[in-house]
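# Observations on the three-dimensional arrangement
In case you want the letters, here they are:
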Amino acid sequence: MTMLLAAPALLLIAVVFGWPMLRYAWLSFHADSVLTGLEPVANGGANWLRLVADQRFWLDAGQTARFALISVGLELLLAMAIALLLHQRWRGRGAVRALTLLPWALPTTMMALGWRWIFNTPYGPIEVLVRSLGLNSLDLLSTPSITWLVTVFADVWKTTPFITLILLAGLQSIPEDLYSAFRLEGGTPLQGLRRVTLPLLLPYILLSLLFRLAQAFGVFDLVQVLTGGGPAGSTESIALYAYLNGMRFLDFGYSATVMLAGFLLLTALILAGTLLLRSCGLLRPLDR
Amino acid sequence: MTDKPMTRGSMTRRTFWIALLMVWSLGPMLWQLVSSFTTADALVNDQLSFWSRWTLNNYRDLLTTDPPFWRYLFNSSFVASLTTLLTLMFAIPAAYGMAKLPDRWRGSLRAAVVGAALFPYVLLFLALLELARTFALGNNLIAIAIPYSALSMPLALLLLTAAFEALPNDLEDAAKLEGLSLWQRLRWVLLPLIAPASASTAILVFLFAWNEYPVALTWLSRSDLLTLPVAMARIAGSSTYSVPYGTYAAATVLGAIPLLVLVLVFQRQIVSGLTNGSIKG
């Protein structure tokens with residue numbers, strides 16, 4: 001009886017999350033593009049062979065992993081600092097916490113174009129500042145070695161509040177007594193951070209890390225609007241490449257292959273990360 | 001850590017960090033606000049005198065385009081409200097059902113739901129688009145609430161299941177003894193008790209639907225049906241050579257106001273939703 005109550009919602013999840021994966025698995029062994037009149041025609045493993053040899057895909061995979069690892073790493077450091085600040089008691093803390101949430105609540109596409117204006121050459125404020133200091137123009141949005149850092153910056157700005165909240169909840173779960181006891185034994189605040197706070201915060205850190213890595217690996221809105229994947233493809237992500245294959249080149253078979261491969265790579269990345277953490281003994285407190 | 005008396009120096013230092021945090025969080029939006037009141041000339045010419053830089057034209061332009069900007073705000077509000085309603089209608093009974101399942105079922109079911117919640121859903125867009133074409137669901141603001149509900153269902157289930165599990169069993173047993181049916185127990189006993197969790201879920205689902213981009217981008221193409229995120233991106237794409245930044249900045253300001261209000265009013269629900277969703281889930 002109770003299972004019947006859960007059935008409609010679970011069915012909806014199965015259709016929207018499960019069906020696409022099955023469909024992609026099937027499509028990835030078919031040619032389905034303008035060349036086949038947009039009808040699926042079985043083509044053996046041709047899509048997968050093409051993927052293995054597709055330099056653009058592997059470049060995008062590397063760029064996506066780089067984006068995800070570096071933004072999430074920076075977000076975690078920054079969120080840790082902000083959470084420690086917000087955990088202290090001071091007047092107006094609630095209002096400040098609410099206002100810091102705002103970047104997280106805004107649509108990504110909306111701020112993406114805002115960033116395009118702010119980082120614009122030659123009229124954006126950053127560029128004006130750089131020139132007034134007598135430095136050379138940075139060309140932030142048209143230099144392949146720099147522009148990906150702009151996307152990292154925009155992502156850090158938007159999603160740090162999310163991690164901050166999780167870490168803040170973790171900090172609030174640590175009993176004050178532990179700190180008092182630690183101080184009585186002559187520990188300094190910095191040692192307290194290392195020996196009390198961080199170990200107890202670890203589950204929260206790992207959780208936000210896992211969630212954010214998965215989301216950042218699927219980065220799409222931000223790069224599609226802010227850079228369009230450019231300059232010279234330097235900010236193109238796997239999701240954007242799959243989107244272009246499907247919607248611009250109308251090659252659905254290959255688009256499905258790219259998305260499935262992206263999903264497999266992400267799973268592999270998360271598994272490798274888990275194994276690495278386990279071998280360092282970092283996951284032991286969670287196994288209880 | 002907090003009850004130590006602070007020296008004047010460390011107080012000043014803290015004020016400095018708080019100010020920096022505010023500049024970091026709000027600075028870019030304040031820049032958009034200033035830009036939205038700046039004339040197109042002044043945006044590209046810093047030699048203009050202070051008094052000739054300001055205008056309300058950007059806002060006037062926004063409200064006189066076809067379709068006018070408020071149309072996108074309306075579309076987004078409509079889709080987000082419908083999604084929230086639909087999600088709660090499905091998720092509340094489902095969460096109750098999941099909370100009552102025997103432990104060994106519940107564990108694996110929860111693992112699957114957590115997996116779905118983690119999944120970068122943008123990878124689903126192609127298959128979802130196919131479904132939209134097969135069932136003629138494109139360009140329909142009511143139909144798009146279906147994938148939106150499904151996409152926010154995992155988080156909603158995690159939050160609400162945790163809320164039901166936290167309720168004492170005695171309460172429901174007592175209601176059963178009184179002869180209340182399942183529906184009556186849900187409606188009069190359990191629902192009021194999980195109201196805080198429902199509110200958290202509702203606001204998070206609403207924000208998701210309000211901000212969603214890839215599905216809206218592929219399902220909606222008629223310009224009078226666009227939601228805010230797609231309309232914003234389209235302004236960016238339509239004029240590759242000269243994006244009307246003043247008008248665009250005004251659009252960001254108008255688009256941000258509803259969210260500003262939501263975040264300030266529902267701060268508590270958002271915080272408890274995000275933290276419970278990740279910790280108990």
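Being a predicted model, the structure only gives us computed values, none of them experimental. (Residues numbered from 1 in each chain as written. Chains lettered and ligands numbered in written order. Predicted model: local features only at pLDDT ≥ 70, side-chain atom pairs only at ≥ 80, totals over all residues.)

## A few points about the overall build of chain B
Our working rule: Under the DSSP-based scheme used, a helix requires at least four consecutive residues in state H or I and a strand at least two consecutive residues in state E, with every element numbered from the N terminus. With C-beta atoms placed from the backbone, a contact is any residue pair whose C-beta atoms sit within 7 Å.
For chain B, the count of helices and strands is 14 helices and 0 strands. The N-to-C order of helical and strand elements in chain B reads α-α-α-α-α-α-α-α-α-α-α-α-α-α. With the C-alpha coordinates aligned to their principal axes, the bounding extent of chain B is approximately 80 × 65 × 30 Å. Residue pairs in contact within chain B that sit at least 24 positions apart in sequence constitute 79% of those at least 6 positions apart.

## Side note on the interface of chain A and chain B
In this complex, chain A contributes 67 residues to the contact, which on the side of chain B involves 68 residues. The dominant element in the side of chain A that touches chain B, judged by the number of residues it contributes, is helix H1 (residues 2-27) of chain A, at 16 residues.

## As for the nonpolar core
Stated formally: Working definition: the nonpolar core is a set of buried Ala, Val, Leu, Ile, Met, Phe, Trp, Tyr and Cys residues, joined through C-beta atoms within 7 Å. Exposure classification rests on a simple neighbour count of other C-beta atoms within 10 Å of a residue's own: a residue reaching 20 or more is buried, one at 12 or fewer is exposed, and one in between is partly exposed. C-beta atoms are placed from the backbone.
Ala9(A), Ala91(B), Leu157(B) and Leu160(B) are the most contacted members of the largest nonpolar core, which has 151 residues in total. Take this core: its biggest share by element is 13 residues, from helix H7 (residues 145-165) of chain B. Leave out the neighbours within four places in its chain, and Leu160(B) touches Ala91(B), Ile92(B), Ala95(B), Ile194(B), Ala197(B), Ser198(B) and Thr201(B).

## Regarding the packing of helix H5 (residues 103-118) of chain B against H7(B)
Residue and element names in this part refer to chain B. Counted only if it meets this: To get an axis, a line is fitted to the C-alpha atoms, and for a helix only the part in contact is used. The angle between two axes follows their N-to-C directions and goes from 0 to 180 degrees. For classification purposes, angles smaller than 35 degrees are called roughly parallel, those larger than 145 roughly antiparallel, those between 65 and 115 roughly perpendicular, and all remaining angles oblique. When the near helix sits turned anticlockwise from the far one by under a right angle, the crossing is termed left-handed; a clockwise turn instead gives a right-handed crossing. Ten residue types, Ala, Val, Leu, Ile, Met, Phe, Trp, Tyr, Cys and Pro, are classed as nonpolar, four, Asp, Glu, Lys and Arg, as charged, and the remainder, Gly among them, as polar.
Two elements in contact, H5 and H7, have axes separated by 8 Å at closest approach and are oriented at 130°. Regarding the angle of H5 to H7, the classification is oblique. Crossing handedness for the pair H5 and H7: left-handed. Seen from H5, the contacting residues are Val-113, Val-114, Ala-116 and Ala-117; seen from H7, they are Pro-154, Leu-155, Leu-157 and Leu-158. Looking at side-chain class alone, the contact of H5 with H7 contains 8 nonpolar, no polar and no charged residues.

## Re the domain arrangement of chain B
Residues and elements named next belong to chain B. Test applied: An automatic or database domain assignment provides the domain bounds reported here.
Here the domain parsing of chain B yields domain 1 (8-58) and domain 2 (66-279). Relative placement of domain 1 and domain 2: their C-alpha centres are 33 Å apart. Elements with a contribution of two residues or more to the side of domain 1 that touches domain 2: helix H1 (8-36) and helix H2 (40-44). In terms of residue count, the dominant contributor to the side of domain 1 that touches domain 2 is H1 (5 residues). In terms of residue class, the side of domain 1 that touches domain 2 is built from 4 nonpolar, 6 polar and no charged.

## Regarding the confidence of the model for chain A
To keep it simple, the criterion reads: Each residue gets a pLDDT score, which is the predictor's confidence in that residue and runs from 0 to 100.
Per-residue pLDDT for chain A has a mean of 88; in total, 98% of the residues score no lower than 70. Mean pLDDT values for the elements of chain A range from 81 in helix H8 (residues 176-184) of chain A up to 95 in helix H3 (residues 55-87) of chain A.

## Digging into the confidence of the model for chain B
Residues and elements named next belong to chain B. Model confidence for chain B is summarised by a mean pLDDT of 86, while 93% of its residues fall at 70 or above. Here H2 stands out as the element of chain B with the lowest mean pLDDT, 74, in contrast to helix H11 (residues 214-219), whose mean of 94 is the highest. The ipTM value of the predicted complex is 0.88, and its pTM value is 0.90.

## Remarks on the environment of Gly262(A)
Inspection of the secondary structure puts Gly262(A) in helix H12 (residues 252-279). As for Gly262(A) and Ala239(A), which are separated by 23 residues in sequence, their C-alpha atoms are 7.7 Å apart. Non-local contacts of Gly262(A), meaning those with residues more than four positions away in its chain, are made with Ile238(A), Ala239(A), Ala242(A) and Leu123(B).

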